[in-house]
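Here is how the chains run, residue by residue.
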Amino acid sequence: MTNHWVDIKNADLVFVMGGNPAEAHPCGFKWVIEAKKQRKAKLVVVDPRFNRTASVADYYAPIRSGSDIAFLSGVINFLLTSDKIHHEYVKHFTNASFLIDERFALEDGLFSGYNADKRSYDKESWKYQMGEDGYAKVDPTLQDPHCVFQIMKKHYARYTPDVVSKVTGTPKEAFLKVCEYIAETAAPNKTMTNLYALGWTEHSVGTQNIRSMAIIQQLLGNMGMAGGGINALRGHSNVQGITDMCLYSDTLPGYLGAPLDSDLDRKSYLEKRTPKALRPNQMNFPQNFPKWWTSLMKSFYGKEATAENDFCYDWLPKKDASYDVLAMFDRMYQGKMTGFVCQGFNPLASVANKKKVGDALAKLKYLVIMDPLVTETSEFWKDYGEVNPANPSSIQTEVFRLPVAFFAEEAGTCTNSGRVVRWHWKAVDGPGESKSDADIMAHLYLTLKAMYAKDGGAFPDPVLKLSWPYRMPAEPSPEELLMEISGKALADLADPKDATKTVAKAGEQLASFGFLRDDGSTACGNWIYSGCWSQAGNLTARRDSSDPSGLGQTLNWGFAWPVNRRIIYNRASCDPAGKPWDASRTVIKWLGDKWGGNDVPDMRPDAKPEEGVMPFIMNPEGVARLFARDLVVDGPLPEHYEPFESPLDTNPMHPQNAKAKSNPVSRIFKGDLEVFGTPKDFPYVATTYRLTEHFHFWTQHSKINAILQPEHFVEIGEELAKEKGIKAGDKVKVRSNRGYIKAVAVVTKRIKALDVDGRKVHTIGVPLNSGFTGRTKPGFLTNTLTPAVGDANTHTPEYKAFLVNIEKV
């Protein structure tokens, strides 16, 4: 979230698309109700189903799953053609005035630079025009045909209300009504907050779905405002925390780009990731990348990381290929992986194309499961009949199950969707021989270290010399780990402005990432968490809910990254002179000599408004990006592409170009393309979602949850049910080109057929929460149906839009 859960109450309009918070985030949804009750805010929902959130909405509009960009592009066109934008915000705080390379173009669905053979773009023509002074050129009048504002107007003019209705199936009148609700928040004293979740990310255009809303919020001036922002609703209590720690291959903790094979040394690695300012006087905060990375290496390797050995740069693995979840399981499927450690993860149930995942697991020599409960993945080899047919005698994989403690059986932190890091205390000991994840990892590490010490290896130094400074090496305490993550001084740190003063003594916990150095004098396990455990103690354990502002800015409750800031980009809540756009919702303001207010300013504290330091400090431009230049792989502006399994034969926006039907740069592995379905055989759109009564798969083991929701079901509309002769309660078979599931039919008014591009499109809803372990009735795994193709940038699988057929059993 750019904002936080409580801040939702400050919105005038809550726009929910790509999520269903009343169902999937029922506790946080109370702040939506608070906004409706106290501010008389409106709630607008756009979704393929009339869901629980829609049931309390002021307005609901249906949409075909997988057509969100067409809808949002239509909203952008409406705002531009109706002149419903926050002009001063757009002019000063976005890159609307920046000039783009004259070669940039979009031709029949493909941006300039496309290479069909490589399924990728040469993005040189997507960059800014640069001046002789080294800065990007701008046109403050916004009239130059190559400025972002004019390029956008041309790009989005194609998305008229009629076109939007044709592509999405949303009735034209409903689309225009939603546009009117949204446009009202262009006024400086009105804000809209956007709530989204996996309904946007789990598409082959997931990144661009979210980019579309970012563009809308920039045009309306809603970023940085109380009651505004773009707010991702995370699906677990600590999924934000695990993301922040970046336990995957693309990034190091704190979203630091991980080194590639092509990064030959530390110098070139840092230069590539340390941007230069693109406009004068901008903070360009990522220029501090060397400080963050060097402090991380000191956390990893302690005294072994020195300037002489480039702070152990050569010890880090260098990425040679993709290692996202789809790539990992494809590599495993090809027999190129020996073992797999599966920690708090149930991939047989959670990853697309269950058959491929199961076949891949069967090619391992060993599989280690760290989980409190029996998972479907730990039982992939076992024959459960129709729901999981298997022949154990033909599977070579040896499975080790290591029972770990539940969250209530250990202390530590959870980071919620609003970036608030909260300490929790251990309630009880875990049962039997269960151990905490940290204890198990410590035991594995110490054992491996002893083996390397005894037997040697090709290059054992990164293992043997890893920093392991814990009081009890086999049982690192959560307190020690959080202090290490937060960061400390390794030497006395001089004040950069006055070398005679010391700002931190050796051994002291640091107050923020502002103290980090690139000379090896600081250590920090994650720069964005820096300061969460300062010399003042464990700030994540604070529980002071006082809120002097009345806006929900409880700065003494836990710790929000970064630097306890609750609303990111809050400098944008003020006009260029430092005066709040809306005084009744003041977050910060210029006090004459510094920035201050009820939040930690997202700005250099003494940056005078006349200096022209812009609010979006993480961007070298200093402003927000309507045009993303070369930072995404599938286009600097969102464009509608069909899901890889579409009920349509062509992309209605580009019917003559087959290359532009679906995302032209999404990666497709050999063997996956062959099992994509076509509308001829699979005429219905399916989408997946979660239920309030279950939390993914583990609540199947809980008796009360199993009683509340005992059996898998699918939802179909009344019209489709009549066509297929299906009645409520019938057992049905839902089939894709990858397999089938059987479940109980729920016939409902909540899913309507939509008219799309001249044909009727039916949608079938398939809840995710089903499996063959636990106390619920044994059921099929929903991801038996889903295709193994993902977003072009993140490779998140396309769980939300694929093709199926359905029949009564």
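In this report, the structure presented in the accompanying data block is examined.

Calculation notes
- Residue positions within a chain follow its written sequence, with the count starting from 1.
- The model is predicted, so local features are restricted to residues of pLDDT at least 70 and side-chain atom pairs to those at 80 or more, both for listing and for counting; the totals for chains, interfaces and linings are taken over all residues.
- The side-chain figures draw on all heavy atoms in the structure; neither hydrogens nor water molecules are used.
- What counts as a helix is a DSSP run of H or I of at least four residues, what counts as a strand is a run of E of at least two, and both are numbered from the N terminus.
- Only C-alpha atoms enter the radius of gyration, while the globule expectation follows 2.2 Å times N to the 0.38, with N the number of residues.
- For this analysis, residues touch if any pair of their heavy atoms sits within 4.5 Å.
- Any Lys or Arg side-chain nitrogen found within 4 Å of a carboxyl oxygen on Asp or Glu counts as a salt bridge.
- When a residue's accessible area, from a 1.4 Å probe over protein chains only, is under 20% of the maximum for its type it is buried; when over 50% it is exposed; and in between it is partly exposed.
- Strand pairing is defined by DSSP finding a minimum of two bridges between the two strands.
- Aromatic pairs are defined between Phe, Tyr and Trp rings, using the six-membered ring for Trp, whenever the two ring centres lie within 6.5 Å; interplanar angles under 30 degrees are classed as stacked, those over 60 as edge-to-face, and all others as tilted.
- Residues enter a nonpolar core if they are buried and are Ala, Val, Leu, Ile, Met, Phe, Trp, Tyr or Cys, with the set joined through side-chain atoms within 4.5 Å.
- Orientation is described by lines fitted to C-alpha atoms, with helices fitted over the stretch in contact, and by angles between N-to-C directions that extend from 0 to 180 degrees.
- Each crossing is labelled by how the near helix is turned from the far one, with a counterclockwise turn of less than a right angle marking it left-handed and a clockwise turn marking it right-handed.
- Residues are grouped as follows: Ala, Val, Leu, Ile, Met, Phe, Trp, Tyr, Cys and Pro are nonpolar; Asp, Glu, Lys and Arg are charged; every other residue, Gly included, is polar.
- A helix is expected to reach a length of 1.5 Å times the quantity of its residues less one.
- Whenever two N or O atoms come within 3.5 Å, that pair is a polar contact, provided that in protein one can donate a hydrogen and the other can accept it, and provided that, for residues adjacent in sequence, both atoms are side-chain atoms.

Once that is clear, we can look at the overall build of the protein. Counting its secondary structure elements, the protein contains 20 helices and 33 strands. A compact globule built from 809 residues would reach a C-alpha radius of gyration of about 28 Å, and the protein, at 27 Å, matches this within 12%. Reported as C-alpha extents along the three principal axes, the dimensions of the protein are approximately 85 × 70 × 55 Å. Contacts spanning at least 24 positions in sequence make up 70% of the contacts within the protein whose residues lie at least 6 apart.

Let's shift gears to the environment of Pro605. Take Pro605: it is sitting in the loop between strand S25 (595–597) and strand S26 (684–689). With near-sequence residues (within four places) excluded, Pro605 lies in contact with Trp590, Lys594 and Trp595.

Counted by the stated rule, this structure contains 44 salt bridges. Across the pair Asp582 and Arg585 runs a salt bridge whose closest N-O atoms are separated by 2.8 Å. One exposure class covers both Asp582 and Arg585, and it is buried. In this structure, the salt-bridge partner of Glu719 is Lys760, at a minimum N-O distance of 2.7 Å. Highlighted residues: Glu719 in helix H20 (residues 718–724) and Lys760 in strand S31 (residues 759–761), separated in sequence by 41 residues. Looking at Glu719, the relative accessible area reads 36%, which means it is partly exposed. Residues participating in the shared-partner salt-bridge network are Glu124, Lys127, Glu621, Arg625, Arg629 and Asp630.

Both faces of the sheet carry side chains from a regular strand, because those side chains alternate between them. Of all the five residues making up strand S32 (residues 763–767), five are buried; the element is thus mostly covered by neighbouring parts of the structure. Of the two faces of S32, the one carrying Thr763, Gly765 and Pro767 and the one carrying Ile764 and Val766 are both buried. As paired strands, S26 and S32 are joined by five bridges and run parallel to one another. Each residue of the ladder has a partner; that of Ala686, found in S32, is Ile764. The pairing of strand S27 (residues 713–717) with S32 spans two bridges and is classified as antiparallel. Following the sheet pairing, Ile716 is matched in S32 by Ile764.

Another aspect to go through is the sheet that holds strand S23 (residues 559–560). Strand order in the open sheet formed by three strands is S15-S16-S23, with antiparallel pairing between adjacent strands. What marks the edges here is a single partner per strand, and that holds for strand S15 (412–415) and S23. Here two bridges tie strand S16 (residues 420–424) to S23, and the two strands are oriented antiparallel to one another. For Val421, the partnering residue across the bridge sits in S23 and is Phe559.

This paragraph deals with unusual backbone geometry. Cis geometry marks the peptide bond from Trp561 to Pro562, where omega comes out at -5°. Mapped onto the elements, Pro562 comes out in the loop between S23 and strand S24 (588–590). Non-glycine residue Asp757 carries a positive phi angle of around 50°. Since its relative accessible area comes to 26%, Asp757 is described here as partly exposed.

Let us look at the packing of aromatic side chains. Taken as a whole and judged by the stated rule, the model has 39 aromatic pairs. Aromatic pair Phe111 and Tyr121: ring centres 6.2 Å apart, planes at 65°, arrangement edge-to-face. Taken as a pair, Phe111 in strand S5 (residues 110–111) and Tyr121 in strand S7 (residues 120–121) lie far apart in primary sequence, ten residues in all. Note on Phe111: relative accessible area 2%, which makes it buried. Ring geometry for Trp293 against Tyr313: centres 6.0 Å apart, planes inclined by 55°, an arrangement best described as tilted.

Ranked by internal contacts, the top residues of the largest apolar core, which has 79 residues, are Phe15, Phe71, Leu79, Met152, Ile182, Ile216 and Leu219. The leading source of residues in this core is helix H3 (residues 68–81), at nine residues. Phe15 has contacts with Val44, Val46, Leu72, Val178, Ile182, Met192, Thr193, Asn194, Leu195 and Met213, leaving out every residue within four places of it along the chain. Listed in part, the 50 residues of the second largest apolar core include Trp292, Tyr529, Trp561 and Val563.

So, on to the sheet that holds strand S29 (residues 739–748). Strand order in the closed barrel made by the six strands is S26-S32-S27-S29-S28-S33, with mixed pairing throughout. Each adjacent strand pair in this sheet contributes to an overall mean axis angle of 45°, direction not counted.

Here the focus is the packing of helix H6 (residues 161–168) against helix H7 (residues 172–183). Interaxial distance between H6 and H7 falls to 9 Å at its minimum, and their mutual angle equals 115°. You can see that H6 and H7 cross each other, and the crossing is right-handed. Together, Pro161, Asp162, Val164 and Ser165 of H6 and Lys172, Phe175 and Leu176 of H7 make up the contact between the two elements. Here the residues of the contact of H6 with H7 sort into four nonpolar, one polar and two charged.

Those residues of helix H13 (residues 325–333) that sit buried are Leu326, Ala327, Phe329, Asp330, Arg331 and Met332. On its buried face, H13 sits against strand S12 (339–343), helix H14 (347–350) and helix H15 (354–361). Within two residues after H13, Gly335 carries a phi angle of roughly 80°, on the positive side.

This next bit is on the environment of Ser467. The residue Ser467 is located in the loop between helix H17 (461–464) and helix H18 (478–486) in this model. Each residue touching Ser467, except ones within four places of it in the same chain, is listed here: Ser299, Phe300, Tyr301 and Gly302.

What follows deals with helix H9 (residues 206–220). Here H9 is 15 residues long and its end C-alpha atoms lie 22 Å apart, about the 21 Å a rise of 1.5 Å per residue gives. Among the 15 residues in H9, 15 count as buried, and that is most of the element. Just beyond H9, the residue with positive phi is Gly221, at close to 75°.

So, about the side chain of Asn805. By the secondary structure assignment, Asn805 is in strand S33 (residues 802–808). Accessibility expressed as a relative area gives 16% for Asn805, which makes it buried. Among the polar contacts listed, one links the side chain of Asn805 to the backbone oxygen of Asp681, at a separation of 3.2 Å. Setting aside anything within four residues of it in sequence, one finds Asn805 in contact with Asp681, Phe682, Pro683, Tyr684, Lys724, Lys733, Val734 and Arg735.

A separate point is the side chain of Asn10. Turning to its location among the elements, Asn10 is positioned in the segment before strand S1 (13–17). With relative accessibility at 4%, the residue Asn10 sits in the buried group. Apart from the residues lying within four places of it in its own chain, the contact partners of Asn10 are Arg39, Thr191, Ala226, Gly227, Leu551 and Arg585.

Next up on the list: the environment of Tyr301. With respect to the helices and strands, the residue Tyr301 is situated in helix H12 (residues 289–301). The spatial distance from the C-alpha of Tyr301 to the C-alpha of Val463 is 9.6 Å, given a sequence separation of 162 residues. Those residues in contact with Tyr301 that lie beyond four places of it in its chain are Cys312, Trp315, Pro462, Lys465, Leu466 and Ser467.

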